[in-house]
Amino acid sequence: MNQVLLDKIESKQFRKDAADFSVGDSVRVHTKVVEGDKERIQIFSGVVIGRRGHGLNEMFTVRRISYGEGVERVFPLHSPRVEKVEVERKGSVRRAKLTYLRKRLGKGATLVKEREGRGAAETGPAAVQQ
Amino acid sequence: MPIGLLGKKLGQTRVYDAKGIIRPVTVVLAGPNRVLQCKTQQSDGYNAVQLGFNDQKEQRLTKALLGHIKKFNGVAVKRIQEFRNFSKEVKPGDVLGATLFSPGDYVDAIGLTKGRGFEGVVGRHGFAGGDATHGAKGWHRRSGAIGQRLFPGTVMRGMKMPGHMGQVRRTAQNLEVIQVHEADNLLLIKGAIPGSNGDYVVIRESKKQPKGWRPHAERPENVKKAEAKKK
């Protein structure tokens, strides 16, 4: 009974259009930003280096290199302030959390191997980072 | 106590408000509250309203409680709570629910905290204890000295020591009501509330307003905004 009512409250807030992406993907996160009275869209693009939590509490972390400095932002998956999440390219990774990217410099820090179907093809952009 | 309700703590979750900001909330089942006896200055010496909560089969109540309820033609309820100086006009047989409150109200939540059993000084009073390493031997979670010398020669009253912790009545003051769900009789109250999930809680209008609190329209930033719009 308790859980039923809690679930009812939570289920109303789930995004039906939740983006389908996984760890390792390069994404563009469109967030709503309020400046004064106006609202505009700000885009944060980078690699998804982790997802945590479940249900309404699920969050994901995006990492990018901005002016030579690593920047990470954490977004709630179901937040109405996230306009949409675009997937630029699918990554192929073997970890749930890509914390090893934090130690990387240069090109290797911004991209992970591209995924084509199941298993990665070691061609194209993937060759660049080696 | 102007207005209040008897409810049941269901659990905690989070909701997004209109601006998309996450609010941590405790969900409280706050009804139906059945009005039983209404005490008055003339008949009882003070003004109060008895609210009953948690509907039950009649066979599950003691005859004493059932007899009291029957006196006011009430529905069998398991728990009764008296509210002094109830500011809303009610009569026996009325049913109150979560709609007694509205979003933006400030409330106090009274409940019985979770029992912790016999707890040491580190858990109970936040003492630092001793070192885990650096040669420490059997002196990790102790309290240290508890007194002085021959004078005063006694342990001061109220000295913090190990003992029973929790399962005491506590009030969480000035919690904001975030949402009210009429259909399910639910109150979503910001922050934590004393007690386990499933425990009874009393939700009442807050005795003190938060520091600097004003109704939304009267807050300085909103007054400025309103004036700016007029211009």
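Residues numbered from 1 in each chain as written. Chains lettered and ligands numbered in written order. Predicted model: local features only at pLDDT ≥ 70, side-chain atom pairs only at ≥ 80, totals over all residues. Heavy atoms only, no water.

1. Some words on the overall build of chain B
Applied cut-off: The helix count covers DSSP runs of H or I at least four residues long, the strand count covers runs of E at least two residues long, and both are numbered beginning at the N terminus. Note on method: radius of gyration uses C-alpha positions; expected globular size equals 2.2 Å times residues raised to 0.38. Throughout, exposure labels follow a simple rule: accessible area from a 1.4 Å probe, protein chains only, divided by the maximum for the residue type, with under 20% read as buried, over 50% as exposed, and the rest as partly exposed. By definition, residues are in contact when any of their heavy atoms lie within 4.5 Å. For the accessible areas, the method is Shrake-Rupley and the probe is 1.4 Å, while residue cover comes only from the protein chains on display. Positive charges come from Lys and Arg, negative ones from Asp and Glu, while His and the chain ends are left out of the count. For charged residues, the charge sits on one atom: NZ in Lys, CZ in Arg, CG in Asp, CD in Glu.
Looking only at helices and strands, chain B has four helices and twelve strands in total. Whereas a compact globule of 231 residues would reach a radius of gyration of roughly 17 Å, chain B reaches 24 Å, over 25% beyond that. Each of the three principal axes of chain B carries a C-alpha extent, and together these read 65 × 65 × 35 Å. Looking at chain B residue by residue over its 231 residues, the buried ones come to 32%. In chain B, once contacts between residues fewer than 6 apart in sequence are set aside, the share between residues at least 24 apart is 68%. Carbon and sulfur atoms provide 50% of the accessible area of chain B, an area that totals close to 14,300 Å². Of note, chain B has its 40 positive side-chain charges centred 8 Å away from the centre of its 19 negative side-chain charges.

2. Details of the nonpolar core
Convention followed: Joining through side-chain atoms within 4.5 Å is the link that ties buried Ala, Val, Leu, Ile, Met, Phe, Trp, Tyr and Cys residues into a set, and such a set is a nonpolar core.
Counting 39 residues, the largest nonpolar core has Leu187 and Ile203 of chain B as the members making the most contacts within it. Put simply, the parts of the chain that give this core at least two residues each are α1 (2–11) of chain A together with β1 (4–16), β2 (22–29), β4 (48–55), β7 (106–112), β10 (169–181), β11 (186–190) and β12 (200–205) of chain B. Core analysis: the second largest hydrophobic core is formed by eleven residues, Val27, Val29, Phe44 and Phe75 of chain A among them.

3. Notes on a nonpolar patch on the surface
Put simply, the test is: Each patch is assembled from residues with relative accessible area greater than 30% and no salt bridge, linking like charges that lie within 9 Å and nonpolar side chains (Val, Leu, Ile, Met, Phe, Trp, Tyr) that lie within 5 Å. Within this document, salt bridges are pairs made up of a side-chain nitrogen of Lys or Arg and a carboxyl oxygen of Asp or Glu, the two lying within 4 Å of each other.
Together, Ile146, Val155, Met156, Met159 and Met161 of chain B give the surface a local cluster of nonpolar side chains, amounting to about 370 Å² of exposed area. Classification of Met159 of chain B as partly exposed rests on a relative accessible area of 32%.

4. Details of the confidence of the model for chain A
Low-confidence regions, as indicated by low pLDDT, have predicted coordinates that should not be scrutinised in detail. Defined as follows: On a scale of 0 to 100, pLDDT captures the predictor's confidence in every residue.
Model confidence for chain A is summarised by a mean pLDDT of 81, while 81% of its residues fall at 70 or above. The element-level mean pLDDT for chain A is lowest in helix α2 (residues 125–128) of chain A, coming to 41, with strand β4 (residues 69–76) of chain A highest at 92.

5. Some words on the domain arrangement of chain B
This is how the line gets drawn: An automatic or database domain assignment supplies the start and end points of every domain.
Domain annotation for chain B reports domain 1 (4–115 + 167–230) and domain 2 (116–165). Summarising the inter-unit geometry, the C-alpha centres of domain 1 of chain B and domain 2 of chain B are found 39 Å apart.

6. Some remarks on the sheet that holds β4 of chain B
Residues and elements named next belong to chain B. Worth spelling out the cut-off: Note on pairing: DSSP must find at least two bridges between two strands before they are called paired. A fitted line through C-alpha atoms represents every axis, and for helices the fit uses only the stretch in contact; the resulting angles, taken between N-to-C directions, go from 0 to 180 degrees.
If you trace the four strands from one edge of the open sheet to the other, you get β5-β4-β3-β6, paired in antiparallel fashion. Looking at which strands have only one partner, the edges of the open sheet turn out to be β5 (77–84) and β6 (95–96). Bridging between strand β3 (residues 33–39) and β6 involves two bridges; their strand directions are antiparallel. Note that in β6 the partner of Asn33 across the bridge is Leu96. Most of the contacts of helix α2 (residues 63–71) go to β5, to which it runs at about 60°, and overall it touches β3, β4 and β5.

7. Let's talk about the pattern of salt bridges
All names here are of chain B. Scanning the model with the defined rule gives 15 salt bridges over all chains in all. The closest approach of N and O atoms between Asp55 and Arg34, which form a salt bridge, is 2.5 Å. Of this pair, Asp55 sits in strand β4 while Arg34 sits in strand β3, placing them 21 residues apart in sequence. According to the relative accessible area criterion, Asp55 is partly exposed, its value standing at 34%. Classification of Arg34 as buried rests on a relative accessible area of 17%.

8. Regarding the packing of aromatic side chains
Heads up, the condition is: Think of it this way: a Phe, Tyr or Trp ring, Trp meaning its six-membered ring, pairs with another when their centres are within 6.5 Å, and the plane angle makes it stacked under 30 degrees, edge-to-face over 60, tilted otherwise. Charge-over-ring placement is defined geometrically: NZ (Lys) or CZ (Arg) within 6 Å of the ring centre, and within 35 degrees of the ring normal.
The full count for this structure, using the stated rule, is five aromatic pairs over all chains. Consider the rings of Phe53 of chain B and Tyr200 of chain B, whose centres lie 6.3 Å apart with planes at 80°: the pair is edge-to-face. Highlighted residues: Phe53 of chain B in strand β4 and Tyr200 of chain B in strand β12, separated in sequence by 147 residues. With centroids separated by 6.0 Å and ring planes inclined at 65°, the aromatic side chains of Phe83 of chain B and Phe86 of chain B adopt a geometry described as edge-to-face. The class for Phe83 of chain B is buried, based on a relative accessible area of 0%. One Lys or Arg, Arg51 of chain A, reaches over the ring of Phe21 of chain A and ends 4.8 Å from the middle of that ring. Between the NZ or CZ atom of Arg84 of chain B and the centre of the ring of Tyr46 of chain B, over which it lies, the distance is 4.0 Å.

9. Re the pairing of strand β1 (residues 26–35) of chain A
All names here are of chain A. Bridge count between β1 and strand β5 (residues 82–89): six bridges; the pairing is antiparallel. Of the residues in β5, the one forming a bridge with Val27 is Val87. Two strands pair when backbone bridges link them, and β1 and strand β2 (residues 38–52) are joined in this way by ten bridges, in the antiparallel orientation. Each bridged residue has a counterpart across the sheet, and for His30 the counterpart in β2 is Ile43. In sequence, β1 turns back onto β2 through a hairpin of two residues, with Gly36 there showing a positive phi of about 65°.

10. Section: the environment of Tyr106 of chain B
Residue and element names in this part refer to chain B. Looking at where Tyr106 falls in the secondary structure, it is placed in strand β7. For Tyr106, a relative accessible area of 16% gives the class buried. Sequence spacing of Tyr106 and Ile178 is 72 residues, and the spatial spacing of their C-alpha atoms is 9.5 Å.

11. A word on the side chain of Arg63 of chain A
Residue and element names in this part refer to chain A. Just so we agree on the cut-off: Any pair of N or O atoms that falls within 3.5 Å is considered a polar contact. Within protein, one atom must be able to donate a hydrogen and the other to accept it, and sequence-neighbouring residues count only if both atoms are side-chain atoms.
Within the element layout of this structure, Arg63 appears in strand β3 (residues 59–66). Accessibility expressed as a relative area gives 11% for Arg63, which makes it buried. Reaching out from Arg63, the side chain makes a polar contact with the side chain of Glu72 at a distance of 3.0 Å. When near neighbours in sequence (up to four residues on either side) are disregarded, Arg63 contacts Gly46, Val47, Ile49, Gly70, Val71, Glu72, Leu101 and Arg102.

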